[in-house]
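Here is what each chain is made of, one letter per residue.
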Amino acid sequence: MAVKTFMFYQKEEKLTEHFTVGDFWAYAGHKEIKLDTQLAQIWEKIYARFGTRPMLRNKNNNYPYKPYAPQPSAGYRDAANWSGSRTSQHCYGRGVDFYVPGVAAYRLAQFVETLPEVGGIGLYLAKSGELEKVKHIHIDTRIKRARWGWSGWTSKTNTPGFGGIPCVFKKGHRSAAIEALQRKLNSLGYDAGSTDGIYGDKTVLAVKLFQRDNGLRADGVFGKDTNKKLGLFDWHKWS
Ligand SMILES: [Zn+2]
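Residues numbered from 1 in each chain as written. Predicted model: local features only at pLDDT ≥ 70, side-chain atom pairs only at ≥ 80, totals over all residues. Heavy atoms only, no water.

> I keep staring at the overall build of the protein and nothing clicks. Help me out?
Counting secondary structure elements, the protein contains six helices and seven strands. For the protein, the N- to C-terminal ordering of α and β elements is β-β-α-β-β-α-β-β-β-α-α-α-α. The buried share of the protein, reckoned over its 239 residues, is 51%. Taking the contacts inside the protein whose residues are at least 6 apart along the sequence as the reference set, 54% of them involve residues at least 24 apart. (Helix = DSSP H or I, 4+ residues; strand = E, 2+ residues; numbered from the N terminus. Buried < 20%, exposed > 50% of the residue type's maximum accessible area, 1.4 Å probe, protein only. Contact = heavy atoms within 4.5 Å.)

Have a look at this one:
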């Protein structure tokens, strides 16, 4: 993780194969921005996965939004001048709000859930049970996990945020959904270790044992079939 400060004249500077500093420049009026260059690497993964470039949500005014004062940050917003959290990861250059044209935002959320370098994920403009209406997502590179913006399936499992969105999980992944998985496995007597949301060796082994006992291929990867046997998440939105 490397947060750097970029000046206006550096906008054309390439961060990765497909993205420049300018792609993260939310307002023309900014003289400089702070930006964690890892965000560009994450965008590369998203581009590779969906075949369409991610775009800043406020750059193209893809839906009405309240404008914020120009400020040095990867996303936007002035810590002294906006109504949100003053410790927002945007203020450290570690957060970005974006969408991918033609891709449902909750699918982006499902995908970034699988990237261990993503610390925070937020869904915007969705109510419980309205995943289709999510317009854009927030990601950031904070060290600790954070999830917010949706409380659908997760409310059933006491999982904070929307992290209960089902996903394929394997070793090294972290997610609030994994916390719920660990809790479930532990309650069934499979020792998944501490419920820390991190898919480590103990969780892999617990999943393998559960799979073996239930006639599934014991590969230690949590996917649709394992989910079904565990009766853990509603999978109907997953594609
Ligand atoms: Zn944000």
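> It is not clear to me how the confidence of the model for the protein should be interpreted in this structure. Could you clarify?
Low-pLDDT stretches of the model should not have their predicted coordinates read in fine detail. This prediction gives the protein a mean pLDDT of 76; 70% of its residues lie at or above 70. Least confident of the elements in the protein is helix α3 (residues 154-157), whose mean pLDDT is 34; most confident is helix α5 (residues 201-213), at 97. The model gives residues 60-86 a pLDDT under 50, and that stretch makes 68 contacts with residues more than four places away or in other chains. Below a pLDDT of 50 lies the segment residues 151-164, which in the model reaches 43 contacts outside its immediate sequence neighbourhood of four places, other chains included. (pLDDT = per-residue confidence, 0-100.)

> Quick question: what am I supposed to make of the side chain of T20 here?
Looking at the secondary structure, you find T20 in the loop between β1 (3-7) and β2 (32-36). The buried category is assigned to T20, whose relative accessible area is 19%. Excluding residues that lie within four positions of it along the chain, T20 makes contacts with K11, E12, E13, K14 and L15.

> It is not clear to me how the sheet that holds strand β4 (residues 95-99) should be interpreted in this structure. Could you clarify?
Backbone hydrogen bonds are what pair the strands of a sheet, in a parallel or an antiparallel way. Taking strand neighbours across the sheet as the criterion, the five strands line up as β3-β4-β6-β5-β7 in an open arrangement whose pairing is mixed. In this open sheet, the two strands that pair with only one neighbour each are β3 (55-56) and β7 (146-148). Bridge analysis of β3 against β4 gives two bridges, and the strand direction is antiparallel. Within β4, the position partnered with L56 by the bridge is F98. Here helix α1 (residues 38-50) sits on the sheet in contact with β3, β4 and β6 (136-140), set at roughly 25 degrees to β4. Taken strand by strand, helix α2 (residues 105-112) contacts β4, β5 (120-124) and β6, and its axis lies near 20 degrees from that of β6. (Pairing = 2+ DSSP bridges. Axes fitted to C-alpha atoms, helices over the stretch in contact; angles between N-to-C directions.)

> What is the right way to read α5 from this model?
Every α-helix winds through 3.6 residues per turn, so residues three or four apart in the chain are directed the same way. Compared with an ideal rise of 1.5 Å per residue, which puts 13 residues at 18 Å, α5 spans 18 Å between its outermost C-alpha atoms and is within 8% of the ideal. Once α5 finishes, G215 follows within two positions and takes phi at roughly 70 degrees, a positive value. (Expected span 1.5 Å × (residues − 1).)

> Looking at this structure, I do not really get the pattern of salt bridges. What am I missing?
Two side chains of opposite charge can pair, provided their charged atoms sit close to one another. Tallied over the entire structure, the rule returns seven salt bridges. Two residues, R53 and D23, come together in a salt bridge whose shortest N-O distance is 3.1 Å. Of this pair, R53 sits in the loop between α1 and β3 while D23 sits in the loop between β1 and β2, placing them 30 residues apart in sequence. (Salt bridge = Lys/Arg side-chain N within 4 Å of Asp/Glu carboxyl O.)

> Honestly, the packing of aromatic side chains in this entry has me stumped. Any pointers?
For any pair of aromatic rings, the description consists of the separation of the ring centres together with the inter-plane angle of the planes. Applying the stated criterion across every chain, the model contains seven aromatic pairs. Centre to centre, the rings of W43 and F98 are 5.6 Å apart; their planes meet at 55 degrees, and the pair counts as tilted. Taken together, the residues span a long stretch of sequence, with W43 in helix α1 and F98 in strand β4 at a distance of 55 residues. Here the two residues W43 and F98 agree in accessibility, since each one is buried. Taken together through their ring pairs, the aromatic side chains of F19, F24, W43, Y47 and F98 make up a single cluster. For the cation-ring pair, R49 lies above F50, with the distance from its terminal atom to the ring centre recorded as 4.6 Å. (Phe/Tyr/Trp six-rings, centres within 6.5 Å; stacked < 30°, edge-to-face > 60°. Lys NZ or Arg CZ within 6 Å of the ring centre and 35° of its normal.)

> Even after reading the chapter, I still don't get the nonpolar core, so can you show me in this structure?
The nonpolar side chains of soluble globular proteins are, as a tendency, buried together. Counting residues in each nonpolar core, the largest one holds 32 residues, and the members touching the most others are F24, I46, V112, I137 and I139. Residue assignment for this core shows that the elements contributing at least two residues are β2, α1, β4, α2, β5 and β6. Ranked by residues supplied to this core, first place goes to α1 with six residues. Setting aside chain neighbours within four positions, we find I137 in contact with V96, D97, F98, A105, L108, A109, V112, G122 and L123. Of all hydrophobic cores here, the second largest spans 15 residues; its members include L185, Y190, V204 and V207. (Core = buried A, V, L, I, M, F, W, Y, C linked by side-chain atoms within 4.5 Å.)

> Whenever I open this one, α1 confuses me. Can you help?
Here α1 contains 13 residues, and its C-alpha end-to-end distance of 19 Å stays within 8% of the 18 Å for a straight helix at 1.5 Å per residue. Burial in α1 covers these residues: Q38, L39, A40, I42, W43, E44, I46 and F50. Close packing links the buried residues of α1 with β2, β3, β4, α2 and β6. The first or second residue beyond α1 is G51, which carries a positive phi of 75 degrees.

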